[in-house]
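Listed below are the residues making up each chain.
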Amino acid sequence: MNNTINSLPAFTGRNVPIKEIAQATGKDPQYIRIGLQKGIFRFGYAFKKDGSSEYNYLCPDKKVWEDLGYFRAETEVSDAGNDE
């Protein structure tokens, strides 16, 4: 009998940057942004700023992992800046 316990990643609610998701999936960042804006992708949210054509993006690490299978711990992230 196999007693291996499957453990989940240590989710922190980190907002995964669009650039990081694009790199992990091999897609262009604009592809990810448009998919979020149109509600096609379920791993994040696009919020349009009032009176502007600009968007803010929220992609929680748990939702990204659930939909894409991609996870990177906050301590593994070398670039602490947010590109969105």
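Above this note sits the structure.
Residues numbered from 1 in each chain as written. Predicted model: local features only at pLDDT ≥ 70, side-chain atom pairs only at ≥ 80, totals over all residues. Heavy atoms only, no water.

A. Looking closely at helix α2 (residues 29-37). Of all the residues in α2, the buried ones are I32, R33, G35 and L36. Along the long axis of α2, the arc covered by the buried residues comes to 165 degrees, so they all point the same way. Structurally, the start of α2 carries an N-cap: the backbone nitrogen of Q30 is 3.0 Å from a side-chain oxygen of D28. Just downstream of α2 lies G39, where phi reads positive at about 75 degrees. (Buried < 20%, exposed > 50% of the residue type's maximum accessible area, 1.4 Å probe, protein only. Helix = DSSP H or I, 4+ residues; strand = E, 2+ residues; numbered from the N terminus. Arc of directions from axis to C-beta. Polar contact = N/O pair within 3.5 Å; in protein donor to acceptor, adjacent residues only side chain to side chain.)

B. Quick look at the packing of aromatic side chains. Using the criterion set out here, one finds six aromatic pairs in the structure. Between Y31 and F41 the ring centres are 5.7 Å apart and the planes differ by 50 degrees, which places this aromatic pair in the tilted class. Placement of the pair is Y31 in helix α2 and F41 in the loop between α2 and β1 (45-48), with a sequence separation of 10 residues. Under the relative-accessibility criterion, Y31 is labelled partly exposed at 45%. Look at F41 and you get buried, because its relative accessible area is 19%. (Phe/Tyr/Trp six-rings, centres within 6.5 Å; stacked < 30°, edge-to-face > 60°.)

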